[in-house]
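Structural overview for review
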Amino acid sequence: MQDKFLKPYNSQETESKIYKLWEDSGFFNPDNLPPRHKEKYSIMLPPPNVTGILHMGHALTLTIEDIMIRYQRMRGKKTLWVPGTDHAAIATQSRVEKDIKKKEDKSRYDLGREELLKRIGVFVKQSHDTIISQSKVMGASLDWSREAFTMDEKRNLAVRTVFKKMYDDGLIYRGFRIVNWDPKGQTTISDEEIVYEERPAKFYTFKYSKDFPISISTTRPETKVGDTAVAVHPDDTRYQKYIGKEYDTVFCGVKIHIKIIADESVDKEFGTGALGVTPAHSMIDWEIGEKNKLPVVQVIDEKARMMVGGENIFGKKVAEAREIIVEWLKSEGLLEKEEEIKQNVSTAERTGGIIEPLPKLQWFVAVNKSFNIERSNIKGVQSGQETTLKELMENAVKNGQINVIPDYVNKTYFHWIHTLRDWCISRQIWYGHRIPVWYKDKEIYCGIEAPKESGWTQDEDTLDTWFSSGLWTFSTLGWPEKTKDLSFYHPTDVLESGYDLIFFWIARMILMSTYVLGDIPFKHVYFHGMVRNPKGQKISKSLGDNIDPVDISKKFGTDALRMALVIGNTPGTDTRWSDDKVKAYKNFANKIWNITRFILESTKEEKYIPNFDNFSDADKKLIDERNNFVADITKDMEEFRFYMAGEKIYHYAWHTFADIILEDSKKVFVTENADETSKTSRKQFLLSTLRTILIILHPFMPFITEEIWQSINEDKSILMIEKWPI
RNA sequence: GGACGAUUAGCUCAGUUGGUUAGAGCAUACGAUUCACAUUCGUAAGGUCACUGGUUCGAAUCCAGUAUCGUCCACCA
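Read on for an overview of the structure. (Residues numbered from 1 in each chain as written. Chains lettered and ligands numbered in written order. Predicted model: local features only at pLDDT ≥ 70, side-chain atom pairs only at ≥ 80, totals over all residues. Heavy atoms only, no water.)

**A word on the overall build of chain A**
In terms of helices and strands, chain A carries 21 helices and 27 strands. Taken along its principal axes, the extent of the C-alpha atoms in chain A is 115 × 60 × 55 Å. Relative to its 726 residues, chain A shows a buried fraction of 57%. Considering only contacts within chain A whose residues lie at least 6 apart along the sequence, 76% involve residues at least 24 apart. Carbon and sulfur atoms make up 50% of the accessible area of chain A, which amounts to about 32300 Å² in all. Computed over 102 positive and 108 negative side-chain charges, the separation of the two mean positions in chain A equals 1 Å. (Helix = DSSP H or I, 4+ residues; strand = E, 2+ residues; numbered from the N terminus. Buried < 20%, exposed > 50% of the residue type's maximum accessible area, 1.4 Å probe, protein only. Contact = heavy atoms within 4.5 Å. Areas by Shrake-Rupley, 256 points an atom, 1.4 Å probe, with all protein chains shown as cover. Lys, Arg positive; Asp, Glu negative; His and termini not counted. Charge placed at Lys NZ, Arg CZ, Asp CG, Glu CD.)

**Some points on the side chain of T79**
Its place among the elements puts T79 in strand β2 (residues 78–82). By relative accessible area, T79 is classed as buried at 0%. In this structure the side chain of T79 is engaged in a polar contact, spanning 3.3 Å, whose partner is the side chain of R73. Apart from residues lying up to four places away in sequence, T79 is in contact with F28, P30, L33, Y41, I69, Q72 and R73. (Polar contact = N/O pair within 3.5 Å; in protein donor to acceptor, adjacent residues only side chain to side chain.)

**Some thoughts on the packing of helix α20 (residues 676–697) against helix α21 (residues 702–712)**
Contact geometry of α20 with α21 gives a least axis separation of 9 Å together with a crossing angle of 145°. Crossing of α20 against α21: the hand is left-handed. Contacts from L690, R691, L694, I695 and L697 of α20 reach α21 at T705, I708, W709 and I712. For the contact of α20 with α21, the per-class residue count stands at 7 nonpolar, 1 polar and 1 charged. (Axes fitted to C-alpha atoms, helices over the stretch in contact; angles between N-to-C directions. Left-handed = near helix turned anticlockwise from the far one by under 90°. Nonpolar A, V, L, I, M, F, W, Y, C, P; charged D, E, K, R; others polar.)

**Brief notes about the packing of helix α17 (residues 579–603) against α21**
The contact between α17 and α21 brings their axes to 10 Å, and the two run at 15°. It follows that α17 is roughly parallel to α21 by the angle criterion. For the pair α17 and α21, the sense of crossing is right-handed. For the pair formed by α17 and α21, the contact residues are A589, I592, W593, T596 and L600 on the first element and I704, E707, I708 and I712 on the second. (Parallel < 35°, antiparallel > 145°, perpendicular 65-115°, else oblique.)

**A word on unusual backbone geometry**
Following I405, the chain continues to P406 via a peptide bond in cis, the omega torsion being -5°. With respect to the helices, strands and loops of the structure, P406 is situated in the loop between β17 (403–405) and α10 (409–419). Following H490, the chain continues to P491 via a peptide bond in cis, the omega torsion being 0°. Tracing the chain through its elements places P491 in the loop between α13 (484–489) and β24 (492–498). In this structure, Q186 takes a positive phi of about 55° despite not being glycine. In this fold, Q186 is placed in the loop between β5 (172–182) and β6 (187–189). Positive phi values are uncommon outside glycine, yet K293 reaches one of about 50°. Within the secondary structure layout, K293 lies in the loop between α7 (283–291) and α8 (318–332).

**Here we look at the protein's contact with RNA strand B**
Surrounding RNA strand B, one finds 44 residues, the nearest of these being T218, F270, I284, T570 and W654. For RNA strand B, the backbone makes up 64% of the atoms found within 4 Å of the protein, where backbone means sugar plus phosphate. Residue T218 places a side-chain N or O atom 2.6 Å away from a sugar or linking oxygen belonging to RNA strand B. At a separation of 3.3 Å, a base nitrogen of RNA strand B approaches a polar backbone atom of F270. At the level of secondary structure, the elements contributing two or more residues to the surface near RNA strand B comprise β8 (216–218), β13 (335–348), α10, α17 and α19 (642–670). Take the surface near RNA strand B: its biggest share by element is 11 residues, from α19. The residue makeup of the surface near RNA strand B, split by class, is 15 nonpolar, 13 polar and 16 charged. (Near = heavy atom within 4 Å.)

Below is the structure:
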């Protein structure tokens, strides 16, 4: 027996050494696996944003996926797990901009496009390296030889190719429409990037002028200088006589022309039952305006300042203009009511800026537009059939081709698809994939490469970061090239992530894969719960309760950390972080260590005999129990119940094997009248059961199990690719 | 406003889809132990499975309703 077993298990000394052993073996790369690994099994790691360091959520993803991969590898699958990072356009750029603002008091416009991108490049490199080393600490058996980045050359080619294809199919269009404008980040954002904050607000009721017949209500009087209509419900008897009439009036010094229109969407009961329509600055008003062909008058600019009116309001920020206009309403005697209400304010997820809806010329993906799909493996959609992106997204899940765990989440998914609007994909930031469109006079050219002749200027905008993330399952495998990897490993087997990414990412991957390849991107979606702080709150930078997985690993060992993350974490349900839990699993690691020590001490010269069959009746019974136990664990693993398998292994190893069987063995070994046959039988049973425990525990606690395996086996076998029992 | 989820031991959570006496970890109490264990082992205490009704031979589990908490979506202007 080696001396190290005389001391408690030391994770720090072990882990980096073992990780190196695995890396050197080459078995992270499926190409190097022995011939018994035939059937493919693939997972694409959700690429972490290159905005900083990994947190517990990433640690959890790495753990669960590593468990899946290690299990399948031991079962004989040819396992591919691809790592990568996401350029996270807005998140990364705003992060770097903030740093520069703080340190040098300069804006991106002071630096210019080229210089800013250079600075971002440096930041991204650092962030990337940190992320990689953290992932290795977690024990992740990722194939580093296939690492990808959402903005490297291959992925950029994939992005341009898809853009062109969608453009040619008429699914990407450029349109003048109302968009979510973030005045702080100076860019548009998608509907999904909005977060709502509840704030108190005032709800004002007033008339535009003394001679105007109808009162209206709003929380934003400053936008009313851009009104072009008042809408009432067609059945509203109070206002029917005005429908169709037009009025010229002056509102706070600004001439406005108002048409009274009838629209079903107006709620008779709300406010005065009459709605001042501002097509340029409200999503709903824009839609009413489109239906009724109303003129669009923009009164607020990109910096959220007033762009009309006299000195009193011109150039003022919207909040200031609001107060000034309310004062004006009061002084004119036009204000009829002022109520305190709660309002949901839309803010930009990344910058916190208050969203200003603005009409702008932008690029969109049309989700409801029909096109002919060339080739389809999607159930319910035939090759050559006319379909829409929405239909593809719906069918892939509806017909069970993609299995969602937990299954109730697909209700949320369908609901989201149902309300989905065209996706605004152009961003006015500099870090990201440049839109592959060029302009020359009134001509437009969309291509994978720039046009050869001179005189063309490329579109200034970049793409929503999720456009490239949406291609992740196949862009990582080399698409648009027809690679062997692509045909062998796609569709992938599992997509595992937090449920917060369902719309941003999961849905977009389904959209892209079904559209581009006519195939699903993955067979199963596994949503883990979010890791929360001990009080059950979301862990956030603002609370300052970030926990670095690397610190925990140093203190308790990665194996303990992994167990603490997985056990008790059921799909879709959040879990609370607690150091006590990790401590308990650190003790468990030590227990496994001591079990080994005891067995080595009590078997001594007895060597493990692989196909030993001269077991005593008592041991035969224990073997039956053990086999049942392993079968049970295997079933749990197959059915994605890792949280349960982990706990059962813990329980079997500690409270059945150690507490009962090892205690009982002491009697067997000590009793003088016990015959040699039953002693040998018991020794062989202990040696083989230790091996079994190491194997099935390996996906969960890879380091300590491999370390022990290396110590008890004289052949140079590696536990990571050992055969799973059964 | 809509959808979804949760409610089980002091705390954090399981309960594999209807089947004996409802489980684990941590915490608690008592005892043992230097004989593998920077301890560990044993024993105990602790539950009206949110509430009300229903289906069933049988319900923590299925159905209907109520309450509380949480998440997501919509955004009433």
